[in-house]
Amino acid sequence: MEALRSPHSPLDVLYSWTEGPDSILDLETIVATINVPESFNVEDVDAGVTITHPYVRDLTLWLERDSVYIDSFIARIDTIWDTDSTFHRDTLWGTEPIDSVARVLLLDLFPGDDIENMTGCWFDDDAGRGIYEGLPPFTGGFRPLRSMDTQFAGHDAQGEWRLIVRDRFLFDEGVLEGFWLEINGIPSLTGTVTNSVNGNPIANATVLVMDTSLADTVGQVSTLTNGTYSFSRFPEGTYRVQVNAANYDSAYADGIVVTTGQTTVQNFTLVPRVGFTDVPYTGSPVPIPDLTQVIVPLEVTGLTGNIQDLDVTVSITHPYIADMFIAIQHPNSDSVVLFNPPLSPSLGANMTNCRFDDEASTPIGSGTGPFTGSYRPFSNLSQLDTLEPSGTWNLIVEDAGEADEGTLQSFTLHFELPLTEDAEEPVVVRDFQLHPAYPNPFNASVNLTLDVVRAQNVELLVFDVTGRLVETLHSGMLNMGSHRFIWSPLSRASGVYFVRAQTLDANQTIKTLLLK
């Protein structure tokens, strides 16, 4: 049997009972079931029936579905004494989910006699008249005895819905010919947001839907604990969908088509955002004699989270750089060889801010002095990924030749570390800025944060009160973004120091106070 009305709007959907008809016998109850396969938030529900029965007054109708509610209970009561010997009760409440049945009474003991049949009768909270105001064959919409939207709105539509029909008296029987549900809220756009690293769902991510001009946000929801999101009332069109979550890079998809009466699924995987921390060696230059191995330690403290990525920048003056062997050693003694050329070819002189980076396009063996810029190391630094950053690192430099000596001028460890769960959203970089030092005054080390608006050469320098340069924390290329440096002036005297960040077209200076 067909439902005798169309959905109220294109976003409504009709579900039909497919197991009928079913006889309604005296003093018995029948149950007609509709299973809704989609998961979405119910905004409005109407129930339609067609019943052949000579005495409608006999009938009681309910609409019900399985539900869950949260029950509160007292977990503990403590007695708290005050200083004046009075006391009060400190009550700890607990909660637990309780399986239940949500039921709405549609019709009961119709007040008129000799009322036959209900043909295409729709119980609808928004109808203009109540069910007791109707006359046979009850075609059209009528308000039920109790509100369905009050009971069911806000619940997930997915699952089993049941129409309960009870004949309460003798001598007249009937037939339930048809039963339908019209639910507004079928998802026009839905999906799941997960972590690209481990596949776990991401809760509380913000999902934005924008028009094609990106001038207006036409929808916004947050993902649930299982990472899912859903837009139920959504007009047909083409959109951009963007997802933002704390501590993750944003993601978006263009050209997402929403079609009336259909569900568009758009899933997202977000890449965890990392924090950038540069730890420079701030000691004096170290001579590299012929045929000698030099080990230069660098203490890394105050960093949390495992290494996501590691780059190493090295500056060495040496007239015959092919003599050099360079490796970096993790605090657990794992080592990665950065530079290990053959002794025969001449590779020129010097390394000037040579950054060893697994993602660089040029392998170190294809470069020549002064080796400025980024190169892929001899072995992959990714061998040290997932390890903890804190501890004493060693840069190992060896001169394998004779008749020419060199000097290690500086080196820097560039750590990419995951942001902690409670980390604040990173500041949007809009200008070149050297932030105030923290802590200030400081004792062992101080944190410095520098915002760079575009990839450019930057110097980060430390001067004493006389204007004398005492440390070079960085000199070379920095990518756009926020960069953190740690200065540990172990050999410096207490006093005021000035930190200056400078490029070709900008500079900023801040004051720090070292107290020992």
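This section reports on the structure supplied with the text.

Conventions we followed
- Residues numbered from 1 in each chain as written.
- Predicted model: local features only at pLDDT ≥ 70, side-chain atom pairs only at ≥ 80, totals over all residues.
- Heavy atoms only, no water.
- Phe/Tyr/Trp six-rings, centres within 6.5 Å; stacked < 30°, edge-to-face > 60°.
- Lys NZ or Arg CZ within 6 Å of the ring centre and 35° of its normal.
- Helix = DSSP H or I, 4+ residues; strand = E, 2+ residues; numbered from the N terminus.
- Buried < 20%, exposed > 50% of the residue type's maximum accessible area, 1.4 Å probe, protein only.
- Contact = heavy atoms within 4.5 Å.
- Pairing = 2+ DSSP bridges.
- Axes fitted to C-alpha atoms, helices over the stretch in contact; angles between N-to-C directions.
- 1 Å grid on protein atoms, 1.4 Å probe; cavity = no way out; pocket = protein on both sides within 12 Å on 5 of 7 lines; lining within 4 Å.
- Points joined across faces, edges and corners; volume = space filled by probe spheres on them.
- Salt bridge = Lys/Arg side-chain N within 4 Å of Asp/Glu carboxyl O.
- Polar contact = N/O pair within 3.5 Å; in protein donor to acceptor, adjacent residues only side chain to side chain.

For the structure shown, the criterion picks out eleven aromatic pairs. Three or more aromatic residues joined by ring pairs form one cluster here, namely Phe110, Tyr132, Phe138 and Phe142. Above the ring of Trp62, the side-chain terminus of Arg103 is found at 4.9 Å from the ring centroid. Stacked on the ring of Tyr252, the Lys or Arg Arg240 has its end atom at 3.9 Å from the ring centre.

Turning next to the side chain of Asp311. Inspection of the secondary structure puts Asp311 in strand 22 (residues 309–317). Exposure remark for Asp311: the relative accessible area of 5% places this residue in the buried category. Among all residues touching Asp311, those that are not within four sequence positions of it are Arg355, Phe356, Asp357, Asp358, Leu381, Thr412, Leu413 and His414.

This paragraph deals with the environment of Leu63. Examined against the element boundaries, Leu63 turns out to sit in strand 5 (residues 59–81). What makes Leu63 buried here is its relative accessible area of 0%. Along the backbone, Leu63 and Val31 are 32 residues apart, and their C-alpha atoms lie at a distance of 9.8 Å. Residues contacting Leu63, with those up to four places away along its chain left out, are Ala47, Ala102, Arg103, Val104, Leu106, Met148, Phe152, Trp161, Arg162, Phe179 and Leu181.

Attention now moves to the sheet that holds strand 23 (residues 324–329). Taken in spatial order, the four strands line up as 21-27-23-24 in an open sheet, and their pairing is antiparallel. Each edge of the open sheet carries a strand with a single partner, namely strand 21 (293–300) and strand 24 (335–339). Between one strand and the next, the sheet's axes are offset by a mean angle of 20 degrees, whatever the strand orientation. When strand 23 meets strand 27 (residues 391–399), the two strands line up antiparallel, connected through six bridges. The residue bridging Gln329 from the neighbouring strand is Asn394, located in strand 27.

Here we come to the layout of surface pockets. If you add up the space inside the second largest pocket, you get close to 460 Å³. Arg355, Ser374, Met477, Leu478 and Asn479 are the residues nearest the centre of the second largest pocket, which is lined by 26 residues in total. Elements that contribute at least two residues to the lining of the second largest pocket include exactly strand 19 (274–280), strand 22, strand 25 (351–356), strand 26 (373–375), strand 28 (406–418), strand 32 (469–478) and strand 33 (481–487). Looking at which element gives the most residues to the lining of the second largest pocket, the answer is strand 32, with five residues.

The step from Pro136 to Pro137 runs through a cis peptide bond, and the omega angle for that step is 10 degrees. Note on placement: Pro137 falls in the loop between strand 7 (118–123) and strand 8 (140–142). With an omega dihedral of 15 degrees, the bond running from Gly369 to Pro370 counts as a cis peptide bond. As for its position among the elements, Pro370 is in the loop between strand 25 and strand 26. At Leu291, a residue that is not glycine, the phi angle is positive and equals roughly 55 degrees. Considering the arrangement of structural elements, one finds Leu291 in the loop between strand 20 (286–288) and strand 21. Positive phi outside glycine occurs at Phe371, with the angle close to 50 degrees. Mapping Phe371 onto the fold places it in the loop between strand 25 and strand 26. On the basis of relative accessibility, which here comes to 0%, the residue Phe371 falls in the buried class.

What follows deals with the sheet that holds strand 35 (residues 507–514). The strand order 32-31-34-35 describes an open sheet built from four strands, whose pairing is antiparallel. Edge positions in the sheet fall to strand 32 and strand 35, since each of these pairs with one other strand and no more. Across the sheet, the mean angle separating the axes of adjacent strands is 15 degrees when strand polarity is ignored. Bridge count for strand 34 (residues 495–502) against strand 35 is eight bridges, and the pairing is antiparallel. Across the sheet, residue Ala501 finds its bridge partner in strand 35, namely Gln508.

The next point concerns the pattern of salt bridges. Applying the stated criterion across every chain yields a total of nine salt bridges. Connected through salt bridges with shared partners, the residues Glu64, Arg103, Glu160 and Arg162 form a single ionic network.

Relative to the helices and strands, Thr313 resides in strand 22. Reaching out from Thr313, the side chain makes a polar contact with the side chain of His414 at a distance of 2.6 Å. Setting aside chain neighbours within four positions, we find Thr313 in contact with Asn353, Cys354, Arg355, Ser410, Phe411, Thr412 and His414.

Attention now moves to the environment of Lys511. Within the secondary structure layout, Lys511 lies in strand 35. Of the residues examined, Lys511 reaches a relative accessible area of 53% and is grouped as exposed. When the C-alpha positions of Lys511 and Tyr497 are compared, they lie 5.9 Å apart, and in sequence the two are 14 residues distant. The residues contacting Lys511, other than those within four sequence positions of it, are Asn440, Val496, Tyr497 and Phe498.

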